Amino acid sequence: MRDLGGHMTECKVTDFQRRVYQATKAIPKGKVTTYQLLARHLHCRSSQAIGQALKHNPFAPRVPCHRVIASSLTIGGFQGKITGSCITRKFRLLKAEGVVFGAGRLADIGRLYTYSTVTSSLQL
DNA sequence: CATACCGTCCAAT
DNA sequence: ATTGGACGGTATG
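This is a predicted model, so every value here is computed, not measured.

**Digging into the layout of surface pockets**
Here is step 1 of the chain: Of the voids in this model, the largest pocket is the one considered here, and its volume is about 520 Å³.
Here is step 2 of the chain: The set of elements that each furnish at least two residues to the lining of the largest pocket consists of helix 3 (47-56) and helix 4 (85-96).
Here is step 3 of the chain: Per-element accounting of the lining of the largest pocket gives the leading share, 6 residues, to helix 3.

Rendered as structure tokens:
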């Protein structure tokens with residue numbers, strides 16, 4: 001903690017993490033993305049770094065980290081845990097946004113937000 | 001600088 | 001389904 005003598009309204013975050021929060025914040029409501037998709041969007045090859053950055057999440061709930069799941073469409077983790085009541089809360093949050101899970105997996109793949117700009121050509 | 005940890009991912013079995 | 005290695009970034013010494 002180095003913000004001792006200040007308003008401590010700002011947490012110490014690196015430039016990389018800032019990008020992660022920005023991208024996570026851009027996820028539309030009712031949709032979810034994966035750590036890997038986020039990593040690729042940020043040109044990062046490690047999805048772990050994404051999860052680690054989200055885990056700190058000093059901007060929660062402004063940053064909807066609960067909208068980020070694993071690439072296998074599994075729920076992933078939440079608040080630093082991969083199982084327990086935290087995950088239950090994550091399910092509930094997603095469900096409240098219209099994202100339904102079945103057997104621990106995302107039921108509707110259409111809810112996946114791929115950061116695709118859909119740019120033209122070959123959309124279907 | 002070296003080591004260990006991660007809300008992960010992928011390949012092999 | 002389970003195991004183990006990989007990769008990028010952060011934290012600690």
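After presenting the structure, the write-up continues.
**Concerning the nonpolar core**
Here is step 1 of the chain: Counting residues in each nonpolar core, the largest one holds 30 residues, and the members touching the most others are Ile 50 and Leu 54.
Here is step 2 of the chain: Every element with two or more residues in this core is listed here: helix 1 (15-25), helix 2 (35-41), helix 3, strand 2 (68-69) and helix 4.
Here is step 3 of the chain: In contact with Ile 50, not counting residues within four places along its chain, are Phe 16, Val 20, Tyr 35, Leu 38, Ala 39 and Leu 42.

**So, the packing of helix 1 against helix 3**
Here is step 1 of the chain: Between helix 1 and helix 3, whose axes approach to 9 Å, the crossing angle comes to 80 degrees. The angle between helix 1 and helix 3 falls in the class roughly perpendicular. Taking contact as the criterion, the partners of Phe 16, Gln 17, Val 20, Tyr 21 and Thr 24 in helix 1 are, on helix 3, Ala 49, Ile 50, Ala 53, Leu 54 and His 56.

**A few points about the protein's contact with DNA strand C**
Here is step 1 of the chain: Around DNA strand C, the surrounding shell consists of Thr 14, Phe 16, Cys 44, Arg 45, Ser 46, Gln 48, Ala 49 and Gln 52.
Here is step 2 of the chain: Counting only the atoms of DNA strand C within 4 Å of the protein, the fraction contributed by sugar and phosphate is 50%.
Here is step 3 of the chain: Here a base nitrogen of DNA strand C and a side-chain polar atom of Gln 48 are 3.1 Å apart.
Here is step 4 of the chain: Interatomic distance of 3.0 Å between a side-chain N/O atom of Gln 52 and a base nitrogen of DNA strand C.
Here is step 5 of the chain: Among the elements that line the surface near DNA strand C, the one with the most residues is helix 3, at 3 residues.

**What to know about the pattern of salt bridges**
Pairs can form between side chains of opposite charge whenever their charged atoms are close.
Here is step 1 of the chain: Going through the model one piece at a time under the given rule, you end up with 2 salt bridges.
Here is step 2 of the chain: Asp 15 is the partner of Arg 19 in a salt bridge, and the nearest nitrogen-oxygen pair spans 2.7 Å. Taken together, the residues span about one helical turn, with Arg 19 and Asp 15 both in helix 1 at a distance of 4 residues.
Here is step 3 of the chain: Looking at Arg 19, the relative accessible area reads 42%, which means it is partly exposed.

**Focus: the protein's contact with DNA strand B**
Here is step 1 of the chain: What surrounds DNA strand B is a group of 17 residues, the closest being Tyr 35, Leu 54, Lys 55, Cys 65 and Ser 71.
Here is step 2 of the chain: The backbone of Leu 54 places a nitrogen or oxygen atom 2.8 Å from a base oxygen of DNA strand B.
Here is step 3 of the chain: Contact between DNA strand B and Gly 77: a base nitrogen at 3.2 Å from a main-chain N or O atom of the residue.
Here is step 4 of the chain: Looking at the surface near DNA strand B, the elements that each hand over two or more residues are helix 2 and helix 3.
Here is step 5 of the chain: By residue number, the principal contributor to the surface near DNA strand B is helix 3, which donates 5 residues.
Here is step 6 of the chain: Grouping the constituent residues of the surface near DNA strand B by class yields 6 nonpolar, 8 polar and 3 charged.

About the cut-offs
Along each chain, residues carry numbers from 1 onward, in the same order as the chain's sequence is written. By the order in which they are written, chains take letters starting at A while ligands take numbers starting at 1. Per-residue local features are limited, in this predicted model, to residues with pLDDT of at least 70; the limit for side-chain atom pairs, both in listing and counting, is 80 or more; totals at the level of whole chains, interfaces and linings are taken over all residues. For side-chain calculations, the full set of non-hydrogen atoms in the structure is used, while hydrogens and water are omitted. Each cavity reported here is a set of points on a 1 Å grid over the protein atoms alone in which a 1.4 Å probe fits but cannot get out, each pocket an open set with protein on both sides within 12 Å along at least five of seven lines, and each lining residue one with an atom within 4 Å of a point. Grid points are joined across faces, edges and corners, and a volume is the space filled by probe spheres set on the points. For the purposes of this entry, the term helix denotes a DSSP run of H or I that reaches at least four residues, the term strand denotes a run of E that reaches at least two, and both are numbered from the N terminus. Throughout, nonpolar core names a set of buried Ala, Val, Leu, Ile, Met, Phe, Trp, Tyr and Cys residues whose side chains join them through atoms within 4.5 Å. Whether a residue is buried, partly exposed or exposed follows from its accessible area with a 1.4 Å probe, protein chains only, as a fraction of its type maximum: under 20%, in between, or over 50%, in that order. A contact between two residues is defined here by any heavy atoms of the two lying within 4.5 Å. Lines are fitted to the C-alpha atoms to define the axes, a helix being fitted only along its stretch in contact, and any angle between axes, read from their N-to-C directions, falls within 0 to 180 degrees. When an angle is under 35 degrees it counts as roughly parallel; over 145 it counts as roughly antiparallel; between 65 and 115 it counts as roughly perpendicular; any other value is oblique. To be near a molecule or strand, a residue needs just one of its heavy atoms within 4 Å of it. Counted as a polar contact is a pair of N or O atoms within 3.5 Å, where, for protein atoms, one must be capable of donating a hydrogen and the other of accepting one, and residues adjacent in sequence contribute only when both atoms are in side chains. Just to be clear on terms, a salt bridge is a Lys or Arg side-chain nitrogen sitting within 4 Å of an Asp or Glu carboxyl oxygen. Residues are grouped as follows: Ala, Val, Leu, Ile, Met, Phe, Trp, Tyr, Cys and Pro are nonpolar; Asp, Glu, Lys and Arg are charged; every other residue, Gly included, is polar.

Just geometry here; none of it tells us what the structure is for.
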